[in-house]
Amino acid sequence: MNILDKIVADKRKEVALKKSLVTLPQLEASVMMERTSISLAEVLRKSDSGIIAEHKRRSPSKSVINQDLSVQDVAKGYTDAGASGMSVLTDGKYFGGSLDDLILARASSNIPILRKEFIIDEYQIAEAKAYGADVILLIAAILSKEEIKTFSEVAKGLGLDVLLEVHNEEELQKSLMPSLDMLGVNNRNLKTFEVDLDISKSLSTKIPDEFVKVSESGISSVDAIRDLKEFGYRGFLIGENFMKTDDPGASAKKFITGLIS
Ligand SMILES: O=C(O)c1ccccc1NCC(=O)[C@H](O)[C@H](O)COP(=O)(O)O
């Protein structure tokens, strides 16, 4: 079994357990359900930098990245740095994240927040809204076309933006539909961990203009972003490059200053 299949198998067990502990009506009672979400797609359309800075303690490909920081400090740092959005990994087993991280980031920042999660059930979309997210991620590699349609429509009904992630043309072709806001190309193969920024470049012409294009993973230089912008990308998801430092906010600030100057 590859790592993505393992993550999904564990996620199905985790979600089944959660649903037995916290019901949907209980989630829907959260005050966050009344909050007006901020559209990351709209912010990216207007942004000069387009940086979506990620909170990521560890990962299957890199093991421990940074376990020592408070998510509130990271969220404040990214916000002060001028990031267009923040991504918060909420998976516990493989990334060391949690829903507490999401709600704490929300309390510390007013920029759009992406719940970075392996969504395999509508329940997790209500959870994202209830814990303060503005955007959900849907990963084409783990969902059918019907699931992408249902989940993206549920998210839109809750006022959330949808970032659909693909890694190859087959995933892209099965996924294109009007209920998506952003098309993300993951430069990392989630089954082998191989990273190649050329994947974003080669898929760029296949993404219709109505979707905001986002390039994800393995980005560590301003020059790489300048290059990707030439291929129409408006958003750039960066995790490890910031999180491996003692002060991710300061690293993001230096990076964004270098990018827009
Ligand atoms: O990062 C991993 O090792 C990973 C493994 C399996 C599934 C997903 C994984 N990462 C999620 C992401 O997409 C990245 O955290 C995100 O794009 C940022 O990537 P990076 O800038 O390379 O940290």
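It should be noted that the structure appears before, not after, this text.
What counts, and where the lines are drawn
Positions within a chain are numbered from 1, following the residues in the order the chain's sequence is written. Confidence filtering applies because this is a predicted model: local features only for residues at pLDDT of at least 70, side-chain atom pairs given and counted only at 80 or more, and all residues used for totals across whole chains, interfaces and linings. Put simply, DSSP marks the helices as runs of H or I at least four residues long and the strands as runs of E at least two long, and each gets a number from the N terminus on. Just to be clear, the radius of gyration here is over C-alpha atoms, and the globule rule we use is 2.2 Å times residues to the power 0.38. The burial label depends on the number of other C-beta atoms within 10 Å of a residue's C-beta. Counts of 20 or more mean buried, 12 or fewer mean exposed, and intermediate counts mean partly exposed, with C-beta atoms placed from the backbone. Whether two strands pair comes down to DSSP finding at least two bridges between them. By convention, a crossover is right-handed whenever its connection, traced from the first strand over the helix to the second and viewed with the strands pointing away, goes clockwise. Note on definitions: angles span 0 to 180 degrees between N-to-C directions of axes, and those axes are lines fitted to C-alpha atoms, for helices only across the stretch in contact. When an angle is under 35 degrees it counts as roughly parallel; over 145 it counts as roughly antiparallel; between 65 and 115 it counts as roughly perpendicular; any other value is oblique. Crossing handedness is defined as follows: a turn of the near helix away from the far one that is anticlockwise and smaller than a right angle gives a left-handed crossing, while the clockwise case is right-handed. Once C-beta atoms are placed from the backbone, any two residues with those atoms within 7 Å are in contact.

Undergrad: Looking at this model, I keep getting lost on the overall build of the protein. Mind explaining?
TA: What the protein contains, in helices and strands, is 12 helices and 10 strands. Relative to the 2.2 N^0.38 estimate, which gives 18 Å for 261 residues, the radius of gyration of the protein is 17 Å and therefore close to what a compact globule would have. For the protein, the C-alpha atoms occupy an extent of roughly 50 × 40 × 35 Å along the three principal directions. Every one of the 261 residues in the protein was classed for burial, and the buried ones make up 45%.

Undergrad: It is not clear to me how the pairing of strand β7 (residues 161–166) should be interpreted in this structure. Could you clarify?
TA: Strand residues, when the strand is regular, have side chains that alternate between the two faces of the sheet. With 6 of its 6 residues buried, β7 lies for the most part within the structure. As paired elements, strand β6 (residues 135–139) and β7 share 5 bridges and run parallel to each other. Paired with leucine 137 across the two strands is leucine 163, which belongs to β7. Handedness of the β6-helix α7 (residues 145–157)-β7 crossover: right-handed. When β7 meets strand β8 (residues 182–186), the two strands line up parallel, connected through 4 bridges. Paired with valine 166 across the strands is valine 185, a residue of β8. For the handedness criterion, the β-α-β arrangement of β7, helix α8 (residues 169–175) and β8 is classed as right-handed.

Undergrad: Help me understand the packing of helix α4 (residues 71–81) against helix α5 (residues 99–108), please; the structure alone is not making it clear to me.
TA: Angle between the axes and distance between the axes are the two parameters that describe a pair of packed helices. Relative to each other, α4 and α5 sit at 45°, their axes nearing to 8 Å. On the basis of their axis angle, the class for α4 and α5 is oblique. Classified by chirality, the crossing of α5 by α4 is right-handed. Residue-level inspection shows Val71, Gln72, Ala75 and Lys76 of α4 in contact with α5, the latter providing Asp101, Leu104, Ala105 and Ser108.

Undergrad: Where do I start with the sheet that holds strand β4 (residues 85–89) in this structure?
TA: Two modes of strand pairing occur in sheets, parallel and antiparallel, and in both the strands are linked by backbone hydrogen bonds. Here 8 strands make up a closed barrel; going around it, the order is β1-β4-β5-β6-β7-β8-β9-β10 and the pairing parallel. The average undirected angle you get between the axes of adjacent strands in this sheet is 25°. Note: strand β5 (residues 113–116) against β6, 2 bridges, orientation parallel. Pairing of arginine 115 across the sheet is with isoleucine 136, part of β6. In the packing of α5 onto the sheet, contacts are made with β1 (51–55), β4 and β5, and the angle to β4 comes to roughly 160°.

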